[in-house]
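# Commentary on secondary and tertiary structure
Each chain, letter by letter, is given below.
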Amino acid sequence: MGLELAVILVVMIGLFWWMSRSAKKQQQRMQEQRDAAIVLGATVMTNGGFFGTVVDIDGDAITLESPSGIETVWLRSAIAQAMEIPFAAVSEEEDAQTEATDMPEHDGEDVSLPASGESADESAELVAQEAASAAGAETRQSDEEDEEHDPIASDQVK
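A quick note: this is a predicted structure, and the numbers were derived from the prediction, not measured.

### Things to note about the overall build of the chain
Helix and strand counts for the chain stand at 4 helices and 5 strands. Along the chain, from the amino end to the carboxyl end, the secondary structure elements read α-β-β-β-β-β-α-α-α. When burial is assessed residue by residue, the chain has 13% of its 158 residues classed as buried. By sequence separation, contacts in the chain at least 24 residues apart represent 34% of the contacts at least 6 residues apart. For the chain, the exposed surface amounts to about 13,000 Å²; the carbon and sulfur share of it is 56%.

See below:
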């Protein structure tokens with residue numbers, strides 16, 4: 001009985017040692033792959049799921065640029081793997097439908113697009129000025145109507 005227990009104990013210790021060693025080897029391989037993937041211009045994914053392009057490497061500090069252009073600094077150990085951003089595949093038909101439904105409806109209003117030399121800010125400013133002019137005209141017209149119906153106000157005007 002003592003010999004069987006000793007054999008089982010030796011086999012279990014050997015099994016634990018082998019599993020530990022293989023796990024360490026796997027971690028080391030993954031770290032080597034990650035380090036090989038961290039090169040300037042590579043698209044990577046962090047452990048948190050952030051996608052970015054490597055723009056600077058300074059020791060363990062890796063600067064990633066997001067698709068919107070914002071740069072953030074990450075630890076080398078936070079980089080999970082090199083991976084392209086998994087955008088959904090869009091067919092030409094779906095793209096055309098999306099473009100058609102993205103166009104705003106304006107209930108018959110005349111909507112003009114900015115001229116080729118005009119920026120979007122200038123165009124928005126012109127629209128705001130036109131709206132203010134229209135509101136001012138309505139206010140003046142409303143004041144004139146009030147004076148016509150108010151005998152005291154019409155006496156003061158005369």
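### Section: the pattern of salt bridges
For the structure shown, the criterion picks out 3 salt bridges. Between arginine 34 and aspartate 35 there is a salt bridge; the shortest N-O distance is 3.9 Å. A relative accessible area of 29% means that aspartate 35 is categorised as partly exposed. The closest approach of N and O atoms between aspartate 60 and arginine 76, which form a salt bridge, is 3.7 Å. Here the residue aspartate 60 occupies a position in the loop between strand 2 (51-58) and strand 3 (61-65), and arginine 76 occupies one in the loop between strand 4 (71-75) and strand 5 (79-82), the gap between them amounting to 16 residues. Taken together, the shared-partner salt bridges in this structure form one network comprising Arg34, Asp35, Asp60 and Arg76.

### Thoughts on a negative patch on the surface
Residues Glu92, Glu93, Glu94, Asp95 and Glu99 make up a contiguous surface patch of negative charge. Position of glutamate 93 relative to the elements: it lies in helix 2 (residues 92-102).

### Some thoughts on the nonpolar core
Residues Ile38, Ala42, Val44, Val54, Ile62, Leu64 and Ile79 constitute the largest nonpolar core, which totals 7 residues. Excluding residues that lie within four positions of it along the chain, valine 44 makes contacts with Ala37, Phe50, Phe51, Gly52, Val54, Leu64, Ile79, Gln81, Ala82 and Met83.

### Looking at the confidence of the model for the chain
On average, the chain scores 77 in pLDDT, and the residues at 70 or more come to 66%. The element-level mean pLDDT for the chain is lowest in helix 4 (residues 151-157), coming to 54, with strand 4 highest at 94.

### Describing the sheet that holds strand 3
Here 5 strands make up an open sheet; going across it, the order is 4-3-2-1-5 and the pairing antiparallel. On the outer flanks of this sheet lie strand 4 and strand 5, each paired with one strand and no other. Across the sheet, the mean angle separating the axes of adjacent strands is 45° when strand polarity is ignored. Two strands pair when backbone bridges link them, and strand 3 and strand 4 are joined in this way by 5 bridges, in the antiparallel orientation. If you follow glutamate 65 over to strand 4, its bridge partner there is glutamate 71.

### Considering the pairing of strand 3
Across 5 bridges, the pairing between strand 2 and strand 3 is antiparallel. Residue pairing in the sheet places aspartate 56 in a bridge with threonine 63 of strand 3. The antiparallel pairing of strand 2 with strand 3 creates a hairpin that spans 2 residues between the two strands, and glycine 59 there sits at a positive phi of about 70°. Here strand 3 hands over to strand 4 after 5 residues, with glycine 69 in that stretch at a positive phi of 100°.

Quick notes on the rules
Residues numbered from 1 in each chain as written. Predicted model: local features only at pLDDT ≥ 70, side-chain atom pairs only at ≥ 80, totals over all residues. Heavy atoms only, no water. Helix = DSSP H or I, 4+ residues; strand = E, 2+ residues; numbered from the N terminus. Buried < 20%, exposed > 50% of the residue type's maximum accessible area, 1.4 Å probe, protein only. Contact = heavy atoms within 4.5 Å. Areas by Shrake-Rupley, 256 points an atom, 1.4 Å probe, with all protein chains shown as cover. Salt bridge = Lys/Arg side-chain N within 4 Å of Asp/Glu carboxyl O. Patch = residues over 30% accessible without salt bridge, like charges linked within 9 Å, V, L, I, M, F, W, Y side chains within 5 Å. Lys, Arg positive; Asp, Glu negative; His and termini not counted. Charge placed at Lys NZ, Arg CZ, Asp CG, Glu CD. Core = buried A, V, L, I, M, F, W, Y, C linked by side-chain atoms within 4.5 Å. pLDDT = per-residue confidence, 0-100. Pairing = 2+ DSSP bridges. Axes fitted to C-alpha atoms, helices over the stretch in contact; angles between N-to-C directions.

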